[in-house]
Amino acid sequence: GTRPSNDFGAVNLQCAVLNYAGGLDGYTSYYGYWYSGQVIPLRSDGNIDFSTPGWSSSTGYLYFMIRGYYAPAFNNYVGAATSGASISVHGLSMLSTPTTSQFTFAGTGSSSFYPSQVTAGAAAALVDVYITTSTATNPSNDAFNLMFGNGCQSFPTRNYITRGENPSTVMGTTPAARQCTPLTYFGESDGFTPYYGMWFGSQLLGFRSDGGIDYGSYGNSGSSGYFYFVFRGSYAPANQLLPAPSTGTTTTGVVTTGLALTLLPVPITYQLAFNGPISTTFSIPGIPAGTAAILVDIFVTSGWSDHQNIIVGNGCQGFPQNFVSVQGRLPTADFGNLARQCAVCTNSGQSDNYASFHGRWCSSQIVPLTPAGELDLSNPGNSGSTGFVFFVVRGTFGDATGSAAMLNLLTTPLTIQSAFSNVVKLTLNTASMSTAGATALLADVYLTVGISDHQNIVLGNGCGPDAMNWVYGPGRDPSAVFANVTRQCTVVTYPGGSDGFTPQYGIWFGSQTIPLRSDLQVDFGDPGNSVSNGYVWMTVRGYYSATSATLLLYLLPTPGTIQFAFSNGNAVFNIASLNIPAGTTAILADIYATTTGGTSTNDAQNLRFGNGCASHPKDWVDNRGENPSARFGAINKRCAVCNYPGEGDGFTPYYGLWCSSQVVPLRTDGQIDFYQAGTSGSTGYVYLVVRGYYL
């Protein structure tokens with residue numbers, strides 16, 4: 001109880017310190033003691049100094065099991081391995097909110113368990129471990145060593161000694177060949193056992209390749225108890241780790257012209273075929289001169305289950321990989337330079353365990369043209385499949401002249417809901433939601449259907465169920481069957497039937513541009529409906545108008561990219577490093593998401609981005625076909641939404657998921673609120689490609 005500084009000398013040395021109890025402590029270890037997870041500095045010649053302050057003529061042994069070493073990252077990063085195929089460089093990533101797991105043990109048994117893995121691909125975790133034995137077991141004062149890590153279920157030799165034994169003659173070198181962390185629990189002849197349990201801080205526990213941890217109990221005389229983990233971080237290969245947030249690229253170039261939207265009287269259609277990987281440039285006849293970007297709905301169908309991303313825009317030839325190779329892997333570990341003016345449409349397949357049978361629509365995409373008025377297209381990830389891409393160009397972005405409409409964001413978004421039954425044409429009364437002169441709505445659309453029924457919902461001006469806008473099988477020619485698609489209607493795909501996947505909790509389609517009729521109402525149709533019932537819900541976040549002009553779209557010459565980690569809840573994403581102009585109201589962004597684990601890698605959730613989204617009420621139904629208004633809270637917030645399927649949906653993205661051309665409102669400080677609505681505890685990453693801003 002005396003003041004340490006009164007007794008201590010100059011202890012501010014680069015030395016690890018280990019306390020061996022004895023003398024007046026009232027106990028001393030009979031079986032020896034493991035001090036695990038120690039970081040021991042080396043001298044410049046690679047040796048270690050050793051001394052024993054407090055020594056009183058005793059003799060003994062030190063036994064080292066060296067499991068890794070620290071070296072300057074830049075000296076060892078290239079090639080990862082320094083010597084031996086099993087040596088690789090790892091970096092530590094700390095969790096903002098640690099996760100916990102608890103397990104039981106009994107007797108001398110050994111087993112494996114699967115905690116909430118912190119990072120997909122992690123080799124080890126930074127963990128605080130607590131151990132306690134049950135007083136009801138015999139003996140209740142049991143001394144033993146627990147081993148945690150990779151390959152630790154059994155050892156050919158014991159990993160403890162009796163007082164004074166030579167460790168090397170007992171333990172040999174076998175433990176050194178395994179990535180195991182030994183923890184000593186006192187008891188029996190030690191003369192002491194912890195009544196309140198015992199903590200071992202900052203331990204490095206190695207994972208097996210499948211994310212599990214082996215453990216073995218050595219010297220146990222029949223006791224049982226618990227071990228409890230607090231996972232504070234993970235060690236993953238250095239080429240998978242970047243700080244969060246991490247800036248991949250910063251926006252560059254000077255933007256001088258703001259763009260306004262003009263809806264075409266008659267939309268323009270165009271079709272392009274692909275046969276394996278493609279990188280091409282093409283033009284769509286009929287697009288007016290001076291157009292900087294187009295508002296387009298994109299339909300994709302592939303001949304077989306082949307995951308790929310359709311990339312279209314300006315500078316999109318030879319587009320690099322923009323999906324993770326393994327679910328939950330750090331995006332920047334796989335992504336190339338995505339700072340290009342390209343929209344993206346994900347075609348699921350292969351390890352996703354879902355591929356659209358009837359094709360999929362990616363609607364309301366804002367796609368820049370090249371300076372020559374053309375479009376670049378590529379399909380990274382294609383593994384040889386053939387298929388088609390079908391375009392319906394519904395509008396153009398150009399100078400704010402004449403009838404060109406500017407975006408007006410509502411301070412408080414408005415909501416509308418309607419039921420539908422079988423094949424039907426409805427009129428959604430949105431007159432109270434927009435001002436005179438409005439030509440289109442910016443809305444997030446939610447759908448839920450009572451059965452697994454593939455259908456395409458059309459919303460806009462002159463829309464109805466008579467549109468034929470799907471194919472009868474994978475990879476079929478859309479132009480051979482499509483009809484009545486040249487209407488001012490946005491179209492969204494509700495999967496079902498032969499697709500092999502249908503949403504259990506409903507599905508959101510964020511940032512849709514929905515044309516209005518002259519009476520400011522919206523037509524609804526459900527072509528493909530096979531006698532199912534359901535509901536459509538719209539959260540109207542803004543509208544386009546030429547008479548009440550507010551915001552112009554400014555496309556960035558070089559988009560900015562930034563990545564964030566998320567973990568079971570909410571966050572604030574600081575995008576200041578992207579150099580978005582002060583006063584910006586919203587950004588145009590392509591959003592990529594992948595889940596890494598936590599308590600669930602198969603986690604259905606709605607990712608919310610915007611202003612005031614730090615918390616968000618329920619925005620899903622519990623069972624398909626339920627009335628949303630009976631389940632939803634007050635979701636009229638200024639938040640964009642990206643639906644991430646999982647759990648009861650029967651499908652979760654293995655390669656991650658893109659939500660392209662999203663209009664994301666910014667807070668007044670220029671940052672973005674983020675929220676995982678409906679999460680079951682998953683962690684993951686969000687990667688943003690910011691292609692423009694509204695000012």
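Rules used throughout
- Residues numbered from 1 in each chain as written.
- Predicted model: local features only at pLDDT ≥ 70, side-chain atom pairs only at ≥ 80, totals over all residues.
- Heavy atoms only, no water.
- Helix = DSSP H or I, 4+ residues; strand = E, 2+ residues; numbered from the N terminus.
- Buried < 20%, exposed > 50% of the residue type's maximum accessible area, 1.4 Å probe, protein only.
- Contact = heavy atoms within 4.5 Å.
- Areas by Shrake-Rupley, 256 points an atom, 1.4 Å probe, with all protein chains shown as cover.
- Salt bridge = Lys/Arg side-chain N within 4 Å of Asp/Glu carboxyl O.
- Pairing = 2+ DSSP bridges.
- 1 Å grid on protein atoms, 1.4 Å probe; cavity = no way out; pocket = protein on both sides within 12 Å on 5 of 7 lines; lining within 4 Å.
- Points joined across faces, edges and corners; volume = space filled by probe spheres on them.
- Nonpolar A, V, L, I, M, F, W, Y, C, P; charged D, E, K, R; others polar.
- Core = buried A, V, L, I, M, F, W, Y, C linked by side-chain atoms within 4.5 Å.
- Axes fitted to C-alpha atoms, helices over the stretch in contact; angles between N-to-C directions.
- Phe/Tyr/Trp six-rings, centres within 6.5 Å; stacked < 30°, edge-to-face > 60°.
- Lys NZ or Arg CZ within 6 Å of the ring centre and 35° of its normal.
- Disulfide = S-S within 2.5 Å.
- Polar contact = N/O pair within 3.5 Å; in protein donor to acceptor, adjacent residues only side chain to side chain.
- pLDDT = per-residue confidence, 0-100.

S.K.: Before we move on, can you summarise the overall build of the protein chain with the specific residues and values?
M.R.: Within the protein chain, the secondary structure is distributed over 5 helices and 33 strands. Taking all 695 residues of the protein chain together, 54% fall into the buried category. Considering only contacts within the protein chain whose residues lie at least 6 apart along the sequence, 86% involve residues at least 24 apart. If you sum the accessible surface of the protein chain, you get close to 27,700 Å²; carbon and sulfur atoms cover 51% of it.

S.K.: How would you summarise the pattern of salt bridges if you had to cite specific residues and measurements?
M.R.: For the structure shown, the criterion picks out 14 salt bridges. Between Asp-519 and Arg-517 there is a salt bridge whose closest N-O contact spans 2.7 Å. Of the residues examined, Asp-519 reaches a relative accessible area of 34% and is grouped as partly exposed.

S.K.: So what's going on with the pairing of strand E3 (residues 124-133)? Which residues, and what values?
M.R.: Counting buried residues along E3, 9 of its 10 residues qualify, which places the element largely inside the surrounding structure. As judged from the 7 bridges shared by E3 and strand E6 (residues 198-206), these two strands associate in the antiparallel manner. Counterpart to Ala-125 in the pairing with E6 is Leu-205.

S.K.: Before we move on, can you summarise empty space enclosed by the protein with the specific residues and values?
M.R.: Evaluated as defined, the whole model comprises 4 cavities of 30 Å³ or more. Roughly 500 Å³ of volume is contained in the largest cavity. Going through the elements one at a time, strand E14 (341-347), strand E15 (360-368), strand E22 (488-494), strand E23 (507-515), strand E30 (638-644) and strand E31 (657-665) are the ones with two or more residues in the lining of the largest cavity. The class makeup of the residues in the lining of the largest cavity is 20 nonpolar, 16 polar and 1 charged. In this structure, the second largest cavity occupies an estimated 120 Å³ of space. Classifying every residue of the lining of the second largest cavity gives 8 nonpolar, 3 polar and 2 charged.

S.K.: Residue-level account of unusual backbone geometry, with values.
M.R.: Excluding glycine, a negative phi dihedral is what most residues carry, and trans is how most peptide bonds are arranged. Not every positive phi belongs to a glycine, and Leu-520 is a case in point at roughly 65°. Turning to its location among the elements, Leu-520 is positioned in the loop between E23 and strand E24 (522-525). Of note in the backbone geometry, Asn-579 takes a positive phi value of approximately 60° without being a glycine. Following the sequence through the fold, Asn-579 ends up in the loop between strand E27 (570-573) and strand E28 (586-598). On the basis of relative accessible area, Asn-579 is assigned to the exposed category, the value being 51%.

S.K.: Explain the nonpolar core residue by residue, including any values.
M.R.: Of all hydrophobic cores here, the largest spans 32 residues; its most connected members are Ile-575, Ile-580, Ile-587, Phe-609, Ile-672, Val-686 and Leu-688. Looking at this core, the elements that each hand over two or more residues are strand E26 (553-567), E28, strand E29 (605-611), E30, E31, strand E32 (672-677) and strand E33 (682-694). Counting residues per element, this core draws most heavily on E26, at 5 residues. Excluding residues within four positions of it along the chain, Ile-575 makes contact with Ile-562, Phe-564, Ile-580, Ile-587, Leu-666, Gly-670 and Ile-672. Leu-428, Val-492, Phe-509 and Val-540 belong to the second largest nonpolar core, which has 27 residues in total.

S.K.: Can you explain the pairing of E14? Please cite residues and give values.
M.R.: Taken residue by residue, a regular strand's side chains alternate between the two faces of the sheet. Along E14, 7 of the 7 residues are buried, which leaves the element largely enclosed by surrounding structure. Where strand E13 (residues 308-314) meets E14, 7 bridges bridge the pair, whose relative direction is antiparallel. Bridge assignment links Gln-308 to a residue of E14, and that residue is Asn-347.

S.K.: Which residues make up the sheet that holds E15, and what values do they have?
M.R.: Two pairing modes exist for strands in a sheet, parallel and antiparallel, and in both the strands are linked by backbone hydrogen bonds. The antiparallel open sheet is built from 4 strands, whose spatial order is E10-E17-E12-E15. Each having just a single partner strand, strand E10 (260-275) and E15 make up the two edges of the open sheet. Each strand axis lies, on average, 20° off the axis of its neighbour in the sheet, ignoring direction. With 10 bridges connecting them, strand E12 (residues 293-302) and strand E17 (residues 386-398) associate as antiparallel partners. Bridging from a neighbouring strand, Val-296 pairs with Val-393 of E17.

S.K.: Break down the sheet that holds E14 for me, with residues and values.
M.R.: The 4 strands lie next to each other as E11-E16-E13-E14, forming an open sheet whose pairing is antiparallel. Sheet topology places strand E11 (279-282) and E14 at the edges, where each strand pairs with a single neighbour. Mean inter-strand twist for the sheet, computed between neighbouring axes without regard to direction, equals 20°.

S.K.: Requested: an account of the packing of aromatic side chains, with residues and values cited.
M.R.: Considering all chains together, one arrives at 41 aromatic pairs under this definition. Plain terms: the ring middles of Phe-420 and Phe-524 are 5.2 Å apart, the flat faces sit at 40° to each other, and that makes the pair tilted. Of this pair, Phe-420 sits in strand E18 (residues 406-421) while Phe-524 is found in strand E24, placing the two residues 104 residues apart along the sequence. A relative accessible area of 3% means that Phe-420 is categorised as buried. Three or more aromatic residues joined by ring pairs form one cluster here, namely Phe-105, Phe-144, Phe-148, Tyr-185, Tyr-215, Phe-227 and Phe-229. The ring of Trp-508 has Arg-608 lying over it, and the distance from NZ or CZ to the ring centre is 4.8 Å.

S.K.: For the state of the cysteines, give the residues involved together with the corresponding values.
M.R.: For the coordinates displayed, the defined rule picks out 5 disulfides. The disulfide partner of Cys-316 is Cys-342, and the gap between their sulfur atoms is 2.0 Å. Its S-S torsion of approximately -110° makes the covalent link between Cys-316 and Cys-342 left-handed. In this pair, Cys-316 sits in the loop between E13 and helix H4 (331-334) while Cys-342 sits in strand E14, placing the two residues 26 residues apart along the sequence. Considered together, Cys-316 and Cys-342 belong to a single accessibility category, that of buried residues. Residue Cys-463 pairs covalently with Cys-489 via a disulfide, S to S 1.9 Å. Every disulfide takes its handedness from the sign of the S-S torsion; for Cys-463 and Cys-489 that torsion is -115°, giving left-handed. A residue pair is termed long-range when its members are at least 10 positions apart, and Cys-463 in the loop between strand E21 (455-461) and E22 and Cys-489 in strand E22 qualify at 26 residues.

S.K.: Break down the side chain of Asp-619 for me, citing the residues and quoting the values.
M.R.: Within the secondary structure, Asp-619 sits in the loop between E29 and helix H5 (628-631). A distance of 2.9 Å separates a polar atom in the side chain of Asp-619 from a polar atom in the side chain of Asn-606. Excluding its chain neighbours within four sequence positions, the residues that come into contact with Asp-619 are Tyr-446, Trp-508, Asn-606, Arg-608, Phe-632, Ile-635 and Ala-677.

S.K.: Describe the confidence of the model for the protein chain, listing the residues and the values that go with them.
M.R.: For the protein chain, mean pLDDT is 82; residues scoring 70 or higher make up 87% of the total. With pLDDT under 50 throughout, residues 238-248 is counted as low confidence; its partners more than four residues away or in other chains account for 31 contacts.

S.K.: Tell me about the environment of Gly-648, residues and numbers included.
M.R.: Within the secondary structure layout, Gly-648 lies in the loop between E30 and E31. Residue Gly-648 is classed as partly exposed on the basis of its relative accessible area of 36%. In sequence terms Gly-648 and Thr-502 are 146 residues apart; their C-alpha atoms lie 9.3 Å from each other. What Gly-648 contacts, discounting residues up to four positions off in sequence, is Gln-504, Tyr-505 and Arg-624.

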